[in-house]
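# Breakdown of the fold
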Amino acid sequence: MRKKIVAGNWKMNKTTDEAMALVSEVVDKVNAEVTGDVTVVLCPPAVYLATARQAIPSGGSIALGAQNCHEKASGAYTGEISAPMLQSIGVDYVILGHSERREYFGETNAQLAAKVNIALENGLTPIFCCGESRDLRENGDYIGFVKNQITESLFHLSAESFAKVVIAYEPIWAIGTGLTASAAQAQDMHFELRQHIASQYGDSIAQDISILYGGSANAQNAAELFAQTDVDGGLIGGASLKAPDFITVIKAAQ
Ligand code: PEP
């Protein structure tokens, strides 16, 4: 069964008091106002994950996600955080391959394949990000490029493992820019990606996997984006930093 998911990527924002205030406001509002079947994933900066875990009721519709993990389980990697560490504090999801990590930290498809493996081995659900640059969208085979990101980072997985992954299509030109992909552009790419997945794993897995849209999705445009057949929710940056906006986006996915 395809799951509706709305994940909030807070990136490098919020002090501890602000972060905890946002967690409790989202928890309260989700409990009071969200009745539909949608999984909400809060992805605060890593330094707040353990405290956030205490504030999020377990077993409910709100899950906790990290924004990254290292591809090794442990070792001399100063400043890094491993998948077993995240698992040990009760983290459920991990965003992998965000375009900011690919661009500023040089993450490659091969490295992301290793991160996906270690996340799955430690019971974390990867939210695997893919997406093309503006230049590629305007001048190149952008669909082939995004399919290749999925091929190189995910298609080594067994069907059973692949079925546990969540994909987030995030056109780079739409992230944090205020430029959103139109609902039709999002649907076209999500459809292509589902076909690509079907060619490797078959129809049933392709139909069941959740493919989220990310890129300036907000309280105004989420309903139209999420109404598309192959869009199963969103990975939300800026609009996840204010509880009322984020709740409106969550409701749009119900
Ligand atoms: C993101 O960071 O994943 C994102 C989609 O950001 P924004 O919603 O701000 O474009």
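Structure first, text after, so check above.
Here is a short report on the structure shown in this document. All figures in this text were calculated on a predicted structure; none of them were measured in a lab.

In this section: the state of the cysteines. In a disulfide, the sulfur atoms of two cysteines are covalently bonded to one another. The full count for this structure, using the stated rule, is zero disulfides. Cysteine Cys-69 shares no disulfide, and the gap to the nearest cysteine sulfur, in Cys-43, comes to 12 Å. According to the relative accessible area criterion, Cys-69 is buried, its value standing at 1%. This cysteine, Cys-130, is not joined by any disulfide, and Cys-129 carries the nearest cysteine sulfur, 7.5 Å off. Note on Cys-130: relative accessible area 3%, which makes it buried.

Glancing now at the nonpolar core. By size, the foremost hydrophobic cluster in this structure holds 70 residues, and its most contacted members are Leu-154, Phe-162 and Ile-167. Counting residues per element, this core draws most heavily on helix α1 (residues 16-33), which supplies seven residues. With near-sequence residues (within four places) excluded, Leu-154 lies in contact with Val-116, Phe-128, Phe-162, Val-165, Ile-167 and Tyr-201. Core analysis: the second largest hydrophobic core is formed by 13 residues, Ala-7, Ile-95, Ile-127 and Leu-212 among them.

In this section: the site of the ligand. With respect to spatial proximity, 14 residues lie near the ligand, and among them Lys-11, His-98, Glu-170, Gly-176 and Ser-216 are the closest. Asn-9 places a polar side-chain atom, nitrogen or oxygen, 3.3 Å from an oxygen atom of the ligand. For the ligand, an oxygen atom lies 2.9 Å from a polar atom in the backbone of Gly-238. Bound to the protein, the ligand loses 96% of the 300 Å² it would expose on its own. A per-class count over the shell around the ligand returns four nonpolar, eight polar and two charged.

Relative to the assigned elements, Gln-187 resides in helix α9 (residues 183-201). According to the relative accessible area criterion, Gln-187 is buried, its value standing at 14%. A distance of 3.4 Å separates a polar atom in the side chain of Gln-187 from the backbone nitrogen of Thr-229. With residues up to four places along the chain from it excluded, the contact list for Gln-187 reads Gln-228, Thr-229, Asp-230 and Val-231.

Here we come to the side chain of Asn-109. You can see Asn-109 is positioned in helix α5 (residues 109-121). Apart from residues no more than four positions distant in its own chain, Asn-109 is found in contact with Arg-102, Asn-148, Gln-149, Glu-152 and Ser-153.

This brings us to α5. Helix length check: α5 (13 residues) gives 18 Å between terminal C-alpha atoms against 18 Å at 1.5 Å per residue, within 8%. Turning to α5, the residues buried within the fold contact α3 (83-88), β4 (93-96), α4 (99-105), β5 (125-130), α7 (142-154) and α8 (159-162). Gly-123 occupies a position one or two residues after α5 and carries a positive phi of about 75°.

So, about unusual backbone geometry. Positive phi, close to 85°, is recorded for Lys-14, a residue that is not glycine. Assignment of secondary structure puts Lys-14 in the loop between β1 (5-9) and α1. Despite not being glycine, Ser-216 has its phi angle at roughly 55°, a positive value. Mapped onto the elements, Ser-216 comes out in the loop between β7 (211-213) and α11 (222-226).

Another point: the packing of α7 against α9. Contact pair α7 / α9: the axes reach a minimum separation of 10 Å and the direction vectors enclose 40°. One finds that α7 runs oblique with respect to α9. In terms of crossing hand, the pair formed by α7 and α9 is right-handed. In this structure, α7 contributes Tyr-142, Ile-143, Val-146, Lys-147, Ile-150, Thr-151 and Leu-154 to the contact, and α9 contributes Met-189, Glu-192, Leu-193, His-196 and Tyr-201. Here the contact of α7 with α9 is composed, by residue class, of eight nonpolar, two polar and two charged.

Where burial is concerned, most of strand β3 (residues 62-66) is hidden: five out of the five residues are buried. The pairing of strand β2 (residues 39-43) with β3 spans three bridges and is parallel. Looking across to β3, one finds that Val-40 is bridged to Ile-62. The parallel pair β2 and β3, bridged by helix α2 (residues 49-55), forms a crossover whose chirality is right-handed. Across two bridges, the pairing between β3 and β4 is parallel. Paired with Gly-65 across the two strands is Tyr-93, which belongs to β4. Remark: the β3/α3/β4 crossover connection has right-handed handedness.

The rules behind the values
- Residues numbered from 1 in each chain as written.
- Predicted model: local features only at pLDDT ≥ 70, side-chain atom pairs only at ≥ 80, totals over all residues.
- Heavy atoms only, no water.
- Disulfide = S-S within 2.5 Å.
- Buried < 20%, exposed > 50% of the residue type's maximum accessible area, 1.4 Å probe, protein only.
- Core = buried A, V, L, I, M, F, W, Y, C linked by side-chain atoms within 4.5 Å.
- Helix = DSSP H or I, 4+ residues; strand = E, 2+ residues; numbered from the N terminus.
- Contact = heavy atoms within 4.5 Å.
- Near = heavy atom within 4 Å.
- Polar contact = N/O pair within 3.5 Å; in protein donor to acceptor, adjacent residues only side chain to side chain.
- Areas by Shrake-Rupley, 256 points an atom, 1.4 Å probe, with all protein chains shown as cover.
- Nonpolar A, V, L, I, M, F, W, Y, C, P; charged D, E, K, R; others polar.
- Expected span 1.5 Å × (residues − 1).
- Axes fitted to C-alpha atoms, helices over the stretch in contact; angles between N-to-C directions.
- Parallel < 35°, antiparallel > 145°, perpendicular 65-115°, else oblique.
- Left-handed = near helix turned anticlockwise from the far one by under 90°.
- Pairing = 2+ DSSP bridges.
- Right-handed = clockwise from strand over helix to strand, strands pointing away.

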